[in-house]
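Analysis of the macromolecular model
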Amino acid sequence: MARGGQASCVTRLRLAASVHVYPASGSAMEVCGSPTVTLREFGCEQSLLSRPDGSASFVQGDTSVLAAAYGPAEVKVSKEIYDRATLDVLIQPKVGLPSVRERAQEQCVRETCGASLLLSLHPRSSLTLILQLIHDDGSILSCFLNAACMALMDAGLPMSCLFCGVTCAIDVDGQIITDPTAAQEKESRAVMTFAIDSKERRVMMSSTRGSFSVNELQQCVAVSQKASEKIFQFYRDSVKRRYSKTL
């Protein structure tokens with residue numbers, strides 16, 4: 001049920017973009033592997049929950065996450081910060097209790113949201129973001145980030161910029177795979193997730209595992225920055241279509 005009687009909107013888009021890396025020297029260096037970055041089909045629905053201040057579901061291929069944002073609200077005295085809001089991020093797995101993996105993902109999402117939100121506008125209050133995993137078929141951290149951004153937008157919280165998550169994997173042949181599935185991640189020797197801001201396409205947060213060279217890291221950053229342009233366009237199209245139905 002949509003909060004406030006607003007109709008929720010589901011939008012889907014297949015994303016693809018050509019990618020080149022431009023080093024500081026100004027000479028163009030083509031990304032290894034295919035020059036085309038392909039992302040799985042995306043889907044988003046906002047305001048699908050009535051009790052949170054903002055909510056969103058985000059789908060990347062078969063990976064699905066549900067996000068709910070609460071606040072600003074009263075904060076416990078033990079967590080109160082005099083000059084800014086307290087931000088809590090909770091990730092709930094599909095079954096069972098959160099593990100070390102979920103705690104690490106919570107920290108990544110918390111750091112990204114904290115850098116984007118204008119927490120100083122709500123001192124001595126709390127903001128809570130809850131992310132529920134529905135299905136994991138790879139690129140789960142980037143899906144968490146995208147769902148979190150859409151939920152914060154739906155809640156109307158002040159932000160200095162939007163952000164999105166992009167996951168890249170490097171296979172045994174050195175090819176870069178964007179938005180990999182769980183099977184592709186398992187067969188890759190390195191997996192990297194980047195949070196990109198919408199203003200200057202800067203890297204706000206990175207999470208990496210596996211072995212890779214500095215050059216491969218730079219190429220994955222460039223690929224993620226280029227892919228983020230299409231994701232931010234998806235954000236705009238999703239919100240535009242939603243509010244065009246409610247006017």
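Calculation notes
- The written sequence of each chain sets the order in which its residues are numbered from 1.
- Totals for whole chains, interfaces and linings use every residue, but because this is a predicted model, local features are given only for residues with pLDDT of at least 70 and side-chain atom pairs only at 80 or more, for both listing and counting.
- Only hydrogens and water are set aside; all other atoms, that is, all heavy atoms of the structure, feed into the side-chain values.
- Helix numbers and strand numbers start at the N terminus; a helix is a DSSP run of H or I with at least 4 residues, a strand a run of E with at least 2.
- Helix span is expected to be 1.5 Å times the residue number reduced by one.
- Pairing of aromatic rings covers Phe, Tyr and the six-membered ring of Trp, with a centre-to-centre limit of 6.5 Å; geometry is then stacked below 30 degrees between planes, edge-to-face above 60, and tilted otherwise.
- Strand pairing requires that DSSP identify at least two bridges connecting the strands.
- Structural elements are reduced to axes, namely lines fitted to C-alpha atoms, with helices fitted over the stretch in contact, and the angle between N-to-C directions of any two is expressed from 0 to 180 degrees.

Concerning helix H2 (residues 140-155)
When the terminal C-alpha atoms of H2 are compared, their 22 Å separation across 16 residues agrees well with the 22 Å that a helix rising 1.5 Å per residue should span. Residue glycine 156 follows H2 closely and has a positive phi angle near 75°.

Things to note about the packing of aromatic side chains
For the structure on display, the rule yields four aromatic pairs. Taking 5.9 Å as the distance between ring centres and 85° as the angle between the ring planes, the aromatic pair formed by phenylalanine 58 and phenylalanine 234 counts as edge-to-face. Note that phenylalanine 58 is positioned in strand E5 (residues 54-60) and phenylalanine 234 in helix H4 (residues 214-244), a separation of 176 residues in sequence.

Notes on the sheet that holds strand E9 (residues 163-170)
The strand order across the open sheet formed by four strands is E10-E9-E11-E12, and the pairing between neighbours is antiparallel. Sheet topology places strand E10 (176-178) and strand E12 (203-210) at the edges, where each strand pairs with a single neighbour. When strand polarity is set aside, the average angle formed by the axes of neighbouring strands in this sheet is 20°. Pairing geometry for E9 and strand E11 (residues 190-197), over eight bridges, is antiparallel. Among the inter-strand pairings, valine 166 is bridged to a residue of E11, identified as phenylalanine 194.

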